[in-house]
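# Chains, contacts and geometry: an overview
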Amino acid sequence: MSKQILCLPGDGIGPEIVAEALKVLDVVKSRFGLAIEISEGLVGGASLDVHGVPLTDETLAEAKKSDAILFGSVGGPKWDDQPMMNRPERGLLKLRSEMGLFANLRPAMLFPQLAEASSLKHERVAGLDILIVRELTGGIYFGEPRGVRTLESGEREGYNTYVYRESEIKRIAKVAFEAAQKRGGRLTSVDKSNVLEVTALWREIVSDMGSDYSDVELSHMYVDNAAMQLVREPKQFDVMVTGNMFGDILSDCAAMLTGSIGMLPSASLNEVNQGMYEPVHGSAPDIAGQGKANPLAQILSLAMLLRYSLGEIAAADAIEKAVSDVLDQGLRTGDIASEGCTQVSTSEMGDAVVACLKS
Ligand code: IPM
Ligand code: MG
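Summary of the structure given here. Computed from a predicted model, the values in this text were never measured in an experiment. (Residues numbered from 1 in each chain as written. Chains lettered and ligands numbered in written order. Predicted model: local features only at pLDDT ≥ 70, side-chain atom pairs only at ≥ 80, totals over all residues. Heavy atoms only, no water.)

### A word on the side chain of Ser66
On the secondary structure map, Ser66 appears in the loop between helix H3 (57–65) and strand S3 (68–73). A distance of 2.8 Å separates the side chain of Ser66 from the backbone oxygen of Glu62, its partner in a polar contact. (Helix = DSSP H or I, 4+ residues; strand = E, 2+ residues; numbered from the N terminus. Polar contact = N/O pair within 3.5 Å; in protein donor to acceptor, adjacent residues only side chain to side chain.)

Structure below.
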(Lines give C-alpha, C1' and ligand atoms only; values in the text may rest on other atoms or scores of the structure.)
(Ligands and ions follow the chains in the order given, each with its own letter.)
Protein backbone atom coordinates (compact mmCIF):
# COMPACT_ATOMS: atom_id res chain seq x y z
CA MET A 1 0.00 0.00 0.00
CA SER A 2 1.36 3.40 -0.83
CA LYS A 3 2.24 5.86 1.90
CA GLN A 4 0.52 9.22 2.17
CA ILE A 5 2.43 12.45 2.57
CA LEU A 6 0.58 15.68 3.14
CA CYS A 7 2.48 18.75 2.04
CA LEU A 8 1.73 22.02 3.80
CA PRO A 9 3.98 24.70 2.28
CA GLY A 10 2.47 27.61 4.25
CA ASP A 11 3.77 31.16 3.97
CA GLY A 12 6.82 33.25 3.13
CA ILE A 13 9.64 31.13 1.75
CA GLY A 14 7.68 27.95 2.60
CA PRO A 15 6.23 27.33 -0.89
CA GLU A 16 9.59 27.93 -2.63
CA ILE A 17 11.57 25.54 -0.48
CA VAL A 18 8.86 22.87 -0.35
CA ALA A 19 8.82 22.95 -4.17
CA GLU A 20 12.53 22.05 -4.13
CA ALA A 21 11.97 19.25 -1.63
CA LEU A 22 9.22 17.86 -3.88
CA LYS A 23 11.61 17.79 -6.85
CA VAL A 24 13.95 15.76 -4.68
CA LEU A 25 11.15 13.44 -3.57
CA ASP A 26 10.25 12.83 -7.19
CA VAL A 27 13.74 11.58 -7.99
CA VAL A 28 14.09 9.36 -4.93
CA LYS A 29 10.65 7.91 -5.59
CA SER A 30 11.76 6.61 -8.97
CA ARG A 31 15.32 5.77 -7.94
CA PHE A 32 14.21 3.71 -4.94
CA GLY A 33 10.85 2.58 -6.29
CA LEU A 34 8.89 4.17 -3.44
CA ALA A 35 5.11 4.04 -3.46
CA ILE A 36 4.21 7.45 -2.09
CA GLU A 37 1.15 9.59 -2.73
CA ILE A 38 1.44 13.29 -2.15
CA SER A 39 -1.39 15.68 -1.45
CA GLU A 40 -1.18 19.37 -0.71
CA GLY A 41 -3.03 21.64 1.69
CA LEU A 42 -3.13 25.16 3.06
CA VAL A 43 -1.87 26.25 6.45
CA GLY A 44 -1.07 29.51 8.21
CA GLY A 45 -1.64 32.80 6.43
CA ALA A 46 -2.27 30.97 3.16
CA SER A 47 -5.23 29.23 4.80
CA LEU A 48 -6.39 32.41 6.56
CA ASP A 49 -6.57 34.23 3.23
CA VAL A 50 -8.81 31.56 1.72
CA HIS A 51 -10.76 30.10 4.66
CA GLY A 52 -10.47 32.72 7.41
CA VAL A 53 -8.72 30.25 9.76
CA PRO A 54 -5.07 29.12 9.89
CA LEU A 55 -6.04 25.43 9.73
CA THR A 56 -9.36 24.01 8.60
CA ASP A 57 -10.93 20.89 10.14
CA GLU A 58 -10.65 19.22 6.73
CA THR A 59 -6.91 19.82 6.50
CA LEU A 60 -6.45 18.63 10.07
CA ALA A 61 -8.40 15.45 9.27
CA GLU A 62 -6.24 14.95 6.17
CA ALA A 63 -3.12 15.38 8.30
CA LYS A 64 -4.31 12.79 10.81
CA LYS A 65 -4.84 10.28 7.99
CA SER A 66 -1.36 10.80 6.52
CA ASP A 67 1.74 8.85 7.38
CA ALA A 68 3.74 12.04 7.47
CA ILE A 69 3.51 15.77 6.88
CA LEU A 70 6.07 17.86 5.07
CA PHE A 71 5.64 21.32 6.50
CA GLY A 72 7.15 24.56 5.18
CA SER A 73 6.77 27.59 7.41
CA VAL A 74 4.05 29.96 8.57
CA GLY A 75 3.57 33.61 9.44
CA GLY A 76 4.38 37.05 8.13
CA PRO A 77 3.68 40.74 8.67
CA LYS A 78 0.51 40.55 6.57
CA TRP A 79 -1.25 38.67 9.39
CA ASP A 80 0.34 40.42 12.38
CA ASP A 81 -2.89 42.15 13.37
CA GLN A 82 -4.83 38.87 13.64
CA PRO A 83 -6.00 38.02 17.16
CA MET A 84 -3.61 35.59 18.89
CA MET A 85 -5.87 32.56 18.48
CA ASN A 86 -6.19 33.18 14.73
CA ARG A 87 -2.57 33.93 13.88
CA PRO A 88 -0.87 31.79 11.20
CA GLU A 89 1.28 30.16 13.92
CA ARG A 90 -1.86 28.72 15.50
CA GLY A 91 -2.22 26.45 12.48
CA LEU A 92 1.13 24.89 13.26
CA LEU A 93 0.48 24.72 16.99
CA LYS A 94 -2.90 23.10 16.42
CA LEU A 95 -1.37 20.42 14.19
CA ARG A 96 1.26 19.70 16.84
CA SER A 97 -1.24 19.45 19.65
CA GLU A 98 -4.14 17.70 17.84
CA MET A 99 -1.80 15.08 16.44
CA GLY A 100 0.02 14.65 19.74
CA LEU A 101 3.40 15.42 18.17
CA PHE A 102 5.09 15.76 21.55
CA ALA A 103 8.66 14.86 20.61
CA ASN A 104 10.50 17.46 18.61
CA LEU A 105 13.94 16.34 17.45
CA ARG A 106 16.19 19.19 16.38
CA PRO A 107 19.64 18.10 15.34
CA ALA A 108 22.28 20.80 15.19
CA MET A 109 25.16 19.32 13.27
CA LEU A 110 27.87 21.09 11.43
CA PHE A 111 28.59 20.23 7.83
CA PRO A 112 32.40 20.44 7.77
CA GLN A 113 32.14 22.38 4.49
CA LEU A 114 30.35 25.19 6.36
CA ALA A 115 32.61 25.60 9.35
CA GLU A 116 33.51 29.10 8.14
CA ALA A 117 29.85 30.18 8.22
CA SER A 118 29.57 29.63 11.97
CA SER A 119 29.71 32.68 14.18
CA LEU A 120 32.12 30.80 16.44
CA LYS A 121 35.76 29.98 15.79
CA HIS A 122 36.36 26.87 13.73
CA GLU A 123 37.91 24.83 16.56
CA ARG A 124 34.91 25.50 18.79
CA VAL A 125 32.44 23.99 16.31
CA ALA A 126 34.39 21.47 14.19
CA GLY A 127 32.59 18.14 14.55
CA LEU A 128 29.63 19.68 16.38
CA ASP A 129 26.71 17.26 16.61
CA ILE A 130 23.98 18.08 19.14
CA LEU A 131 20.45 16.76 19.29
CA ILE A 132 17.91 18.96 21.03
CA VAL A 133 14.84 17.05 22.17
CA ARG A 134 12.14 19.65 22.74
CA GLU A 135 8.78 18.86 24.35
CA LEU A 136 6.29 20.21 21.84
CA THR A 137 2.70 19.87 23.01
CA GLY A 138 2.77 21.19 26.55
CA GLY A 139 4.38 23.74 28.81
CA ILE A 140 3.68 27.44 28.63
CA TYR A 141 2.75 27.23 24.93
CA PHE A 142 -0.46 25.40 25.75
CA GLY A 143 -1.05 25.95 29.49
CA GLU A 144 -4.39 27.31 30.63
CA PRO A 145 -5.50 29.80 31.76
CA ARG A 146 -4.03 32.26 29.29
CA GLY A 147 -5.05 35.65 28.02
CA VAL A 148 -5.12 39.35 28.71
CA ARG A 149 -7.42 40.65 31.44
CA THR A 150 -8.28 44.10 32.74
CA LEU A 151 -7.62 44.63 36.41
CA GLU A 152 -9.88 46.68 38.70
CA SER A 153 -7.42 49.55 38.34
CA GLY A 154 -8.16 49.54 34.61
CA GLU A 155 -4.65 48.35 33.84
CA ARG A 156 -4.35 45.35 31.50
CA GLU A 157 -2.42 42.24 32.49
CA GLY A 158 -1.23 39.43 30.24
CA TYR A 159 -0.83 35.92 31.65
CA ASN A 160 0.14 32.41 30.62
CA THR A 161 0.48 29.20 32.57
CA TYR A 162 3.59 27.07 32.67
CA VAL A 163 2.46 23.54 33.46
CA TYR A 164 3.76 19.99 32.96
CA ARG A 165 2.20 16.74 34.12
CA GLU A 166 4.44 13.91 35.30
CA SER A 167 3.40 11.73 32.36
CA GLU A 168 4.35 14.45 29.87
CA ILE A 169 7.79 14.81 31.43
CA LYS A 170 8.34 11.06 31.49
CA ARG A 171 7.46 10.44 27.87
CA ILE A 172 9.74 13.16 26.50
CA ALA A 173 12.57 12.16 28.84
CA LYS A 174 12.23 8.57 27.60
CA VAL A 175 12.70 9.74 24.00
CA ALA A 176 15.77 11.71 25.05
CA PHE A 177 17.36 8.91 27.10
CA GLU A 178 16.85 6.48 24.23
CA ALA A 179 18.32 8.95 21.74
CA ALA A 180 21.36 9.37 24.00
CA GLN A 181 21.79 5.59 24.15
CA LYS A 182 21.97 5.49 20.36
CA ARG A 183 24.37 8.45 20.15
CA GLY A 184 27.13 9.62 22.46
CA GLY A 185 25.56 8.38 25.70
CA ARG A 186 25.25 11.82 27.31
CA LEU A 187 22.08 13.69 28.21
CA THR A 188 21.71 17.21 29.59
CA SER A 189 18.31 18.11 30.95
CA VAL A 190 17.67 21.85 30.89
CA ASP A 191 15.38 23.57 33.37
CA LYS A 192 14.97 26.58 35.63
CA SER A 193 14.47 24.57 38.78
CA ASN A 194 15.98 27.26 41.00
CA VAL A 195 12.95 29.47 40.30
CA LEU A 196 10.05 27.54 38.74
CA GLU A 197 8.28 24.70 40.55
CA VAL A 198 7.17 23.13 37.28
CA THR A 199 10.77 22.66 36.22
CA ALA A 200 11.84 21.53 39.70
CA LEU A 201 9.38 18.68 39.19
CA TRP A 202 10.87 18.18 35.72
CA ARG A 203 14.36 17.81 37.24
CA GLU A 204 13.16 15.44 39.95
CA ILE A 205 11.46 13.14 37.44
CA VAL A 206 14.31 13.12 34.93
CA SER A 207 16.77 12.40 37.79
CA ASP A 208 14.67 9.48 38.99
CA MET A 209 14.53 8.05 35.48
CA GLY A 210 18.30 8.30 35.21
CA SER A 211 18.73 5.16 37.31
CA ASP A 212 16.94 3.13 34.63
CA TYR A 213 19.48 4.31 32.06
CA SER A 214 22.78 3.52 33.73
CA ASP A 215 24.50 3.65 30.33
CA VAL A 216 23.56 7.34 29.92
CA GLU A 217 25.54 10.02 31.68
CA LEU A 218 22.87 12.44 32.90
CA SER A 219 23.46 16.05 33.89
CA HIS A 220 21.18 19.00 34.65
CA MET A 221 21.66 22.63 33.70
CA TYR A 222 19.73 25.83 34.25
CA VAL A 223 18.52 27.30 30.99
CA ASP A 224 20.44 30.56 31.32
CA ASN A 225 23.66 28.66 31.83
CA ALA A 226 22.77 26.28 28.98
CA ALA A 227 22.42 29.25 26.61
CA MET A 228 25.81 30.50 27.70
CA GLN A 229 27.44 27.06 27.45
CA LEU A 230 26.05 26.59 23.94
CA VAL A 231 28.02 29.56 22.70
CA ARG A 232 31.02 29.00 25.01
CA GLU A 233 31.77 25.30 24.58
CA PRO A 234 29.04 23.71 22.44
CA LYS A 235 30.82 20.41 21.93
CA GLN A 236 30.26 19.47 25.59
CA PHE A 237 26.68 18.56 24.58
CA ASP A 238 25.37 15.35 23.03
CA VAL A 239 21.60 15.24 23.64
CA MET A 240 19.73 18.05 25.39
CA VAL A 241 16.15 17.64 26.61
CA THR A 242 13.94 20.50 27.65
CA GLY A 243 10.44 21.95 27.69
CA ASN A 244 8.63 23.69 24.88
CA MET A 245 9.69 27.30 25.35
CA PHE A 246 13.30 26.72 26.43
CA GLY A 247 13.64 24.30 23.51
CA ASP A 248 12.35 26.92 21.10
CA ILE A 249 14.99 29.38 22.21
CA LEU A 250 17.94 27.00 22.61
CA SER A 251 17.35 25.36 19.24
CA ASP A 252 17.66 28.70 17.42
CA CYS A 253 20.82 29.35 19.37
CA ALA A 254 22.25 25.91 18.55
CA ALA A 255 21.24 26.36 14.92
CA MET A 256 23.38 29.45 14.54
CA LEU A 257 26.43 27.53 15.74
CA THR A 258 26.20 25.45 12.61
CA GLY A 259 26.54 28.47 10.37
CA SER A 260 23.02 28.77 9.18
CA ILE A 261 19.59 28.13 10.48
CA GLY A 262 18.86 27.50 6.78
CA MET A 263 20.51 24.07 7.09
CA LEU A 264 18.59 22.52 9.95
CA PRO A 265 15.70 20.09 9.68
CA SER A 266 13.42 18.87 12.44
CA ALA A 267 11.04 16.04 13.17
CA SER A 268 7.98 16.13 15.43
CA LEU A 269 6.76 12.67 16.34
CA ASN A 270 3.82 11.21 18.19
CA GLU A 271 3.44 7.90 19.99
CA VAL A 272 2.68 6.01 16.76
CA ASN A 273 5.56 7.52 14.80
CA GLN A 274 3.42 9.72 12.63
CA GLY A 275 5.52 12.75 12.07
CA MET A 276 5.60 16.29 10.86
CA TYR A 277 8.85 17.45 9.31
CA GLU A 278 9.82 21.07 9.01
CA PRO A 279 12.88 23.27 8.83
CA VAL A 280 13.87 24.88 12.13
CA HIS A 281 13.85 28.30 10.48
CA GLY A 282 10.73 30.37 9.96
CA SER A 283 9.00 31.92 6.97
CA ALA A 284 11.60 34.68 6.38
CA PRO A 285 9.11 37.09 4.77
CA ASP A 286 11.91 39.57 4.03
CA ILE A 287 13.39 37.29 1.35
CA ALA A 288 10.24 35.45 0.25
CA GLY A 289 9.64 35.14 -3.48
CA GLN A 290 13.14 36.30 -4.43
CA GLY A 291 14.78 32.93 -5.00
CA LYS A 292 17.20 33.63 -2.16
CA ALA A 293 16.04 31.07 0.41
CA ASN A 294 18.15 28.06 1.26
CA PRO A 295 16.08 24.93 0.50
CA LEU A 296 18.49 22.52 2.21
CA ALA A 297 16.78 22.48 5.62
CA GLN A 298 13.53 21.55 3.88
CA ILE A 299 15.28 18.91 1.79
CA LEU A 300 16.95 17.50 4.90
CA SER A 301 13.53 17.51 6.61
CA LEU A 302 12.33 15.31 3.78
CA ALA A 303 15.25 12.97 4.49
CA MET A 304 14.19 12.80 8.14
CA LEU A 305 10.61 12.06 7.03
CA LEU A 306 11.77 9.14 4.90
CA ARG A 307 13.96 7.85 7.72
CA TYR A 308 11.62 8.16 10.72
CA SER A 309 8.06 7.87 9.43
CA LEU A 310 8.53 5.77 6.28
CA GLY A 311 11.55 3.68 7.26
CA GLU A 312 13.19 4.37 3.88
CA ILE A 313 16.71 4.54 5.19
CA ALA A 314 18.55 4.18 1.86
CA ALA A 315 16.57 7.03 0.32
CA ALA A 316 17.20 9.22 3.37
CA ASP A 317 20.94 8.45 3.27
CA ALA A 318 21.06 9.26 -0.44
CA ILE A 319 19.45 12.68 0.08
CA GLU A 320 21.81 13.54 2.93
CA LYS A 321 24.78 12.50 0.81
CA ALA A 322 23.52 14.60 -2.12
CA VAL A 323 23.28 17.65 0.17
CA SER A 324 26.83 17.10 1.31
CA ASP A 325 27.91 16.68 -2.33
CA VAL A 326 26.44 20.01 -3.45
CA LEU A 327 28.28 21.70 -0.59
CA ASP A 328 31.47 19.96 -1.76
CA GLN A 329 30.83 21.42 -5.20
CA GLY A 330 31.01 24.85 -3.57
CA LEU A 331 27.37 25.75 -4.17
CA ARG A 332 25.92 28.14 -1.59
CA THR A 333 22.76 30.16 -1.14
CA GLY A 334 23.21 33.66 0.26
CA ASP A 335 22.84 32.66 3.92
CA ILE A 336 25.86 30.35 3.78
CA ALA A 337 27.84 32.18 1.08
CA SER A 338 31.56 32.47 1.54
CA GLU A 339 34.56 33.50 -0.53
CA GLY A 340 35.50 31.20 -3.36
CA CYS A 341 32.07 29.58 -3.46
CA THR A 342 29.40 29.89 -6.13
CA GLN A 343 26.26 31.67 -5.02
CA VAL A 344 23.10 30.02 -6.31
CA SER A 345 19.36 30.61 -6.12
CA THR A 346 16.81 28.48 -4.30
CA SER A 347 15.89 26.48 -7.39
CA GLU A 348 19.48 26.13 -8.59
CA MET A 349 20.31 24.58 -5.24
CA GLY A 350 17.35 22.20 -5.51
CA ASP A 351 18.36 21.29 -9.06
CA ALA A 352 21.91 20.59 -7.95
CA VAL A 353 20.68 18.16 -5.26
CA VAL A 354 18.47 16.47 -7.86
CA ALA A 355 21.43 16.18 -10.26
CA CYS A 356 23.55 14.52 -7.57
CA LEU A 357 20.77 12.05 -6.85
CA LYS A 358 20.51 11.16 -10.53
CA SER A 359 24.22 10.71 -11.11
C1 IPM B 1 9.52 26.90 15.97
C2 IPM B 1 8.80 28.19 15.74
C3 IPM B 1 7.38 28.05 16.26
C4 IPM B 1 7.46 27.80 17.74
C5 IPM B 1 6.44 29.23 15.94
C6 IPM B 1 6.39 29.52 14.46
C7 IPM B 1 5.07 29.03 16.50
O8 IPM B 1 9.48 29.23 16.33
O9 IPM B 1 9.06 25.86 15.48
O10 IPM B 1 10.56 26.93 16.64
O11 IPM B 1 7.56 28.75 18.53
O12 IPM B 1 7.44 26.65 18.15
MG1 MG C 1 11.42 28.71 17.07
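### Regarding helix H12 (residues 346–358)
For H12, built from 13 residues, the straight-helix expectation of 18 Å at 1.5 Å per residue is met to within 8% by its first-to-last C-alpha distance of 19 Å. Next to the buried residues of H12 lie helix H1 (14–32), helix H10 (296–308), helix H11 (313–328) and strand S13 (331–332). (Expected span 1.5 Å × (residues − 1). Contact = heavy atoms within 4.5 Å.)

### As for the sheet that holds strand S5 (residues 129–135)
Two pairing modes exist for strands in a sheet, parallel and antiparallel, and in both the strands are linked by backbone hydrogen bonds. Pairing is mixed in the open sheet, where ten strands are placed in the order S2-S1-S3-S12-S11-S4-S5-S10-S8-S9. In this open sheet, the two strands that pair with only one neighbour each are strand S2 (36–40) and strand S9 (217–222). Between one strand axis and the next, the sheet turns through 20° on average, direction left out of account. Examined bridge by bridge, S5 and strand S10 (residues 239–242) share four bridges and lie parallel to one another. Note on S10: the bridge partner recorded for Leu131 is Val239. The strands touched by helix H6 (residues 166–182) within the sheet are strand S4 (103–109), S5, strand S8 (186–191), S9 and S10, with S5 carrying the most contacts at an inclination of about 165°. The strands that helix H8 (residues 223–232) touches are S5, S8, S9 and S10; relative to S9, the one it contacts most, it runs at about 105°. (Pairing = 2+ DSSP bridges. Axes fitted to C-alpha atoms, helices over the stretch in contact; angles between N-to-C directions.)

### Some thoughts on the site of ligand 1
Ligand 1 sits among Glu89, Leu92, Arg96, Arg106, Arg134, Tyr141 and Asp248. Take Arg96: an N or O atom from its side chain is 2.7 Å from an oxygen atom of ligand 1. Alone, ligand 1 offers 320 Å² of accessible surface; in the complex the protein occludes 77% of this. The cavity that encloses ligand 1 is the second largest pocket. In terms of residue count, the dominant contributor to the shell around ligand 1 is helix H4 (residues 88–98) (three residues). Among the residues making up the shell around ligand 1, the classes are represented as two nonpolar, no polar and five charged. Counting only domains with at least three residues in the shell around ligand 1, you end up with domain 1 (1–107 + 261–359) and domain 2 (129–257). (Near = heavy atom within 4 Å. Areas by Shrake-Rupley, 256 points an atom, 1.4 Å probe, with all protein chains shown as cover. 1 Å grid on protein atoms, 1.4 Å probe; cavity = no way out; pocket = protein on both sides within 12 Å on 5 of 7 lines; lining within 4 Å. Sits in = over half its atoms within 2 Å of the grid points. Nonpolar A, V, L, I, M, F, W, Y, C, P; charged D, E, K, R; others polar. Domains from an automatic or database assignment.)

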